[in-house]
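Examining the three-dimensional arrangement
So you can see what is in the structure, the chains are spelled out below.
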Amino acid sequence: MDLSIIVPTFNEAPNVAELVRRTAAAVADIEAEIIFVDDSTDDTPAVIRAVASSAALPVRVIHREHGLGGLGGAVLEGYRAAAADVCVVIDGDLQHPPESIPSLYARHRQGEVDVVVASRYAAGGASKGLADKSRVFVSKAATALTKAMFPIRLKETTDPMTGFFLVDRTTIDLDGLQPRGFKILLEILARKTLRVAEVPFAFAPRFAGESKASMRQGLHFLMQLTALRFGKMSLFAVVGGLGAVANVLIVWALTQAGVGYIASAIVAAEVTIIANFLLIERFVFQDMRGQASGVSSRFAKSFLFNNAEAVIRIPIVAFMVSASHISVVVATAITLVVAFFVRFVFHSLVVYAPKKRGAATSPVRSAIEDFDKQAMQPGEL
């Protein structure tokens with residue numbers, strides 16, 4: 001097998017037959033296979049199997065009941081299952097035209113390249129498939145932000161946000177990838193210096209179905225970008241910063257409504273404690289949950305610690321307001337900044353500490369080892 005074409009799908013049943021037909025025609029001169037890695041909740045897996053029975057090239061489907069790592073996790077699973085080392089990733093909605101696959105493959109065959117990116121923004125490319133001007137603006141702004149945060153690793157590509165690209169999997173560390181969302185190419189390029197080439201392509205409208213773009217995906221992207229660039233502590237800081245802003249706003253709103261500042265601070269603390277736990281579970285320590293205690297235990301530890309911290313912090317806020325005559329908003333903000341570092345250390349070493357692995361390794365020692373490896377590693381030097 002010369003080429004494996006990996007298609008991550010989520011509820012793309014109406015597009016499967018056309019995608020397979022056009023892909024088979026495009027790669028007729030290449031010994032290729034298609035691997036669908038499917039997280040669908042509809043009949044997409046059954047449709048893929050039906051289409052595979054009469055396809056002009058080998059078609060496989062890997063259906064995942066629990067889509068660990070989102071689209072990025074699906075691509076990683078496809079890499080591991082591929083029969084060929086040279087793999088093309090393409091979306092299942094036909095916005096990435098299969099007719100461009102031979103151009104990616106031909107550029108790789110020329111040599112001296114590890115990744116070939118299909119770019120909307122290279123000379124000859126187009127992004128007409130974006131729904132409207134606002135989507136075009138968001139796409140270009142996200143691309144500019146990403147390239148600004150990784151100026152060295154992304155200097156060879158104009159479109160690091162594309163989901164259409166070729167990779168020689170022997171040149172990347174599959175075990176070192178930690179996919180958190182849908183921008184898997186960014187994950188690959190940000191973690192290791194690779195030889196990159198580009199070919200232009202025209203981003204097309206969807207063939208069928210509805211776009212999966214959403215505010216939630218935008219939040220995923222921002223969290224992924226922060227984690228890659230700055231590491232786990234900074235991602236924790238982003239969540240903490242959001243919680244701090246929410247905390248201050250709640251205090252302000254309640255005090256404006258006539259609620260006493262101590263009661264306002266208590267309400268704000270409880271709301272943000274719960275919200276912050278949900279966010280760090282999803283975006284910060286998701287890679288450590290499998291080795292840690294159960295979710296109820298993690299929540300109990302986090303909730304009790306943060307309430308204990310609040311019991312200490314709120315009287316300090318009250319003292320600062322009464323003794324120093326500063327506003328409750330400023331006092332709240334100052335104490336939250338100080339509390340951040342204590343919270344991060346506690347969550348890294350206690351809440352998400354790995355369960356005991358054996359007599360020779362204590363939970364604290366294991367937690368410290370994971371903290372050293374994961375919390376302080378930047379995405380790029």
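Let me begin by describing the structure that accompanies this report. (Residues numbered from 1 in each chain as written. Predicted model: local features only at pLDDT ≥ 70, side-chain atom pairs only at ≥ 80, totals over all residues. Heavy atoms only, no water.)

**Description of the nonpolar core**
Defined as follows: Here, nonpolar core refers to any group of buried Ala, Val, Leu, Ile, Met, Phe, Trp, Tyr and Cys residues whose side-chain atoms link them within 4.5 Å. In this scheme, a residue with accessible area under 20% of its type's maximum is buried, one over 50% is exposed, and one in between is partly exposed, where area comes from a 1.4 Å probe on protein chains only. Each helix corresponds to a stretch of at least 4 residues labelled H or I by DSSP, and each strand to a stretch of at least 2 residues labelled E; elements are numbered beginning at the N terminus. Only heavy atoms matter for contacts: two residues are in contact if any of them lie within 4.5 Å across the pair.
Counting 32 residues, the largest nonpolar core has Leu3, Ile5 and Phe36 as the members making the most contacts within it. Of all elements in the fold, only strand E1 (3–9), helix H1 (13–26), strand E2 (32–38), helix H2 (44–52), strand E4 (86–89), helix H4 (101–109), strand E5 (115–119) and strand E7 (196–200) reach the threshold of two or more residues within this core. Of the residues forming this core, the biggest block, 4 residues, is contributed by H1. The contact partners of Ile5, leaving out residues within four places of it in the chain, are Thr23, Val27, Ala32, Glu33, Ile34, Ile35, Val88, Ile90 and Ile101.

**What about unusual backbone geometry?**
Phi angles above zero are rare outside glycine, and Asn11 is one such case at about 55°. By the secondary structure assignment, Asn11 is in the loop between E1 and H1. Of note in this structure, Leu94 is not a glycine but carries a positive phi near 70°. Take Leu94: it is sitting in the loop between E4 and H4.

**Brief notes about the packing of aromatic side chains**
We apply this condition: For this analysis, a ring pair means two rings from Phe, Tyr or Trp (six-membered ring only for Trp) whose centres lie within 6.5 Å, classed as stacked if their planes differ by under 30 degrees, edge-to-face if by over 60, and tilted for the remaining angles.
One pass over the structure, following the stated rule, counts 7 aromatic pairs. When the ring of Phe164 is compared with that of Phe201, the centres are 5.3 Å apart and the planes differ by 85°; the resulting orientation is edge-to-face. Taken together, the residues span a long stretch of sequence, with Phe164 in the loop between helix H5 (133–149) and strand E6 (165–168) and Phe201 in the loop between E7 and helix H7 (215–230) at a distance of 37 residues. There is no split in this pair, since Phe164 and Phe201 are both buried.

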